[in-house]
Amino acid sequence: MTGNLQEVPRRERADRHSRNGERSESLGAAARRRLTGFSRTLRDNGFHIGLSETRDALAVLTSPAAKQPISLKPALRALFCATHSDWVRFDEIFDTFWIGRDMRQRQVLSGMPGVSHAPARRLAEAHVPQEALGLPDDTERRNDGGAETSADGRGRREGASRTELLTATDLRHIVDPDDIAATNALAARLARVMRVRLVRREQIRKRGRRLDLRRTIHRNISHGGTLLDLAWRQRKIKPLRLVVLLDTSGSMSLYTAFFVRFLHGVVDAFREAEAFVFHTRLAHVSPSLRDRDVTRAVEKLSLMAQGIGGGTRIGDSLAAFNRWHARRVINSRTAVMIVSDGYDTGEPNELGEEMRRLRRRCKRIIWLNPLIGWRDYSPRARGMQAALPYIDLFAPAHNLASLAALEPYLARV
Amino acid sequence: MSLKREEIADKLAAVGYVADHDIATALWLMDLLKRPLLLEGEAGVGKTEVGKALAAVHGAELIRLQCYEGLDQNAALYEWNYQRQLLAIKARETIGENAEAIEEHIFSEKYLLERPLLAAIRRDQPPVLLIDEVDRADEEFEAFLLELLSDFQVSIPELGTIKATAIPRVVLTSNGTRELSDALRRRCLYHYIDFPDVDREAKIILTRVPGVDTTLALQIARMVAAVRKEDLRKVPGVAETLDWAATLSGLEMHDLRQEPEAIYETMICLLKTQEDRARVTREVSALLLGKVA
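1. Re the packing of helix H11 (residues 214-229) of chain B against helix H12 (residues 238-250) of chain B
Packed helices, taken two at a time, are described by the angle their axes make and the gap between the axes.
All names here are of chain B.
Okay, so step 1: The interhelical angle for the contact between H11 and H12, taken along N-to-C directions, is 135 degrees, at an axis separation of 11 Å. When the axis of H11 is compared with that of H12, the two are oblique. The chirality of how H11 crosses H12 is right-handed. Between H11, through Leu216, Ile220 and Val224, and H12, the contact on the second element is made entirely by Thr241, Trp244, Ala245 and Leu248.

Below is the structure:
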């Protein structure tokens, strides 16, 4: 994080400044030192505190309120906290520092992130226990033999090409915990990159049609108010909205963990994104994914995503989506992305019918099928057959490279 | 002008805002340090109410800017009155005024339409500027806002720079739909508002809904607290609690145990999506009721 690097010299200046402390003569030098120590403890715990905060804290200490210790804590809390996670941790740090007298300044409270660690807010940076993600549990079928699911060692190689390698490896073959973490980080980043590029392209692309009245009038005063020379305003194009429906049934279990991460990345990066998971029923998961506490978000979602092994009811799930959610989450600039292997235990006709309904509503339907990446795959599953006519893009999604290949397509939507 | 912390707490109570202890401190600190206050918390915990209460406490005007995606400076800061400008150009041209004079004339105060941000810095008495749901606005707008909040001056190319006559008290609220920039966060004091605890919520009901007695208020508050613990899509806020309390009071209910069926039916005041409604069934409702009443 470059922000952190830039921050450092300023913080030091702040320290020196407040140590010289010419600002508040009335305040005892000891108290000032103690406040500086407190600021430093907070910084060690990942708070962003600069010169102005320390200065303002001195102002608080010199104000009449300082005589009432009870209002000191809320005052410093309001001043030093900037986020909810700061808010939650502040009381403990405050109490330890001001009440537990023997606390050393440099000490980092147990369980708190260290100096260089910004609070882990993004999924890519947070470590999540593997079990919590519902990773491969081999209870389900694998029709092309178990050999492929075991590690073939490729993912373990060290060096610069490691990332590249991970990008091309079938997700089923990534088993090493480190590699899994790396893959998930890549997935989150991929989602972010997609968004950045998509937005930028939109801004450069089109000249808009809206008249900029303010400029137009200014320009045409010399024509006596007759509007000859028009000023146009760049039209802001509605951002592409992505709605992702993720199949988390048993047959998808090897890919679920990865796509849950991808889903979080998408919801995190696109302002306009909605996420759903389904197996036998549909669940709206965007709110859980927006949870600031990343670990909790993923855990919560993994619970919802656990397939019941009773098979997938894609048709029913789509029906639920069309009935309850479509009106709210779909607009004219929406691409619906369905991630599923197409093994439907429901009625194929129903799936076809629901796909037809969905098609009428949204701009594009993209169906990602991890199986396409397999050798000799053809969409023979009856459900898949029924859905095919309504799909705009039928693409593989068995590795990171195939996901990355989607980006140019989305840019054109 | 600035009030002591206790005075603020008392006045908050006087204007009918049932505050927790800490918010009064934060509001007092705003005046001491001349910083804006950023309020975060779930939808419906009463963030906007804080802005309104603050205006009432200081007897100041409340100027509210509701943010939305695509909000731009025209809508937030100022706009020229185009229709009048065009008319003026025509009218003055017929009496033979030259172009320069016309320009001078139509870009004067008379044709300027104030929008909330400009209004807030041009008042003689410092108003309370409530910037609601700042997370809904775009990043560019946030950057612009930051500039305004540190200098309290804006430049209008045709008119020149306008400096604040009085520094407004600024309250920003955010629902956390988007991560705000660090710069904005650091500029502001921060306060996180949680759902009120049972006692405070009961007190809020008593202050806001006439005709509810203490027992019922407490029961309602406990029931709402229990409902919030359910896994809901839209957790009921304080406004929903008040609606429900008013409904129950309208039905002349004095005890929640009186009519369990009516409780279930009136819970549409609290549960506002089909999913949530389906989740809190008659049985669940009865079960919760058994626990709290």
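2. Some remarks on H12(B)
An α-helical turn contains 3.6 residues, so any two residues separated by three or four positions project in the same direction.
Residue and element names in this part refer to chain B.
Okay, so step 1: Relative to the 18 Å expected for 13 residues at 1.5 Å per residue, H12 spans 18 Å between its end C-alpha atoms, a close match to the ideal helical length.
Okay, so step 2: Restricting attention to buried positions, one finds in H12 the residues Val238, Thr241, Trp244, Ala245 and Leu248. Down the axis of H12, the buried set is contained in an arc of 120 degrees. They therefore lie on one face.
Okay, so step 3: The secondary structure elements touched by the buried residues of H12 are helix H10 (198-208), H11 and helix H13 (260-266).

3. A look at the sheet that holds strand E8 (residues 169-174) of chain B
All names here are of chain B.
Okay, so step 1: In space, the 5 strands of this open sheet follow the order E2-E5-E8-E1-E9, with parallel pairing throughout. Every interior strand has two partners, whereas the edge strands, strand E2 (62-66) and strand E9 (189-192), have only one. When strand polarity is set aside, the average angle formed by the axes of neighbouring strands in this sheet is 20 degrees.

4. Here we look at the sheet that holds strand E7 (residues 364-369) of chain A
Strands pair in a sheet through their backbones, by hydrogen bonds, and they do so in one of two ways: parallel or antiparallel.
All names here are of chain A.
Okay, so step 1: Read from one edge to the other, the open sheet built from 6 strands follows the order E5-E4-E3-E6-E7-E8, with strand pairing classed as mixed. The open sheet has two free edges, formed respectively by strand E5 (282-284) and strand E8 (393-396), since each of these has just one partner strand. Between one strand axis and the next, the sheet turns by 20 degrees as a mean value, whatever way the strands run.

5. A closer look at the interface of chain A and chain B
Okay, so step 1: Listed as interface residues are 29 residues of chain A and, on the opposing side, 30 residues of chain B.
Okay, so step 2: Broken down by element, the residue count for the side of chain A that touches chain B peaks at 5 residues, all from helix H4 (residues 69-80) of chain A.
Okay, so step 3: Taken together, the residues that form the side of chain A that touches chain B break down as 15 nonpolar, 10 polar and 4 charged.

Procedures and definitions
All residue numbers refer to position in the chain's written sequence, counted from 1. Chain letters and ligand numbers both follow the written order, the letters beginning at A and the numbers at 1. With the structure being a predicted model, the display of local features is reserved for residues of pLDDT at least 70 and the display and counting of side-chain atom pairs for 80 or more, all residues being used for whole-chain, interface and lining totals. In this analysis, axes come from line fits to C-alpha atoms, helices being fitted only over the stretch in contact, and the angle between any two N-to-C directions falls in the range 0 to 180 degrees. Labels follow the DSSP assignment, with helices taken as runs of H or I lasting at least four residues and strands as runs of E lasting at least two, numbered in each case from the N terminus. Relative orientations are named as follows: roughly parallel for angles under 35 degrees, roughly antiparallel for angles over 145 degrees, roughly perpendicular for angles from 65 to 115 degrees, and oblique for any other angle. Here a crossing is called left-handed whenever its near helix is offset anticlockwise from the far helix by less than a right angle, and right-handed whenever the offset is clockwise. Any two residues are considered in contact once their C-beta atoms, placed from the backbone, lie within 7 Å. Helix span, expected: 1.5 Å multiplied by one less than the number of residues in the helix. To sort residues by burial, count the other C-beta atoms lying within 10 Å of each one's C-beta; a count of 20 or more means buried, 12 or fewer means exposed, and anything in between means partly exposed. C-beta atoms are built from the backbone. Arc definition: it is the arc formed by the directions from the helix axis to the C-beta atoms. Pairing between two strands requires that DSSP report at least two bridges joining them. In this classification, Asp, Glu, Lys and Arg are treated as charged, Ala, Val, Leu, Ile, Met, Phe, Trp, Tyr, Cys and Pro as nonpolar, and every other residue, Gly included, as polar.

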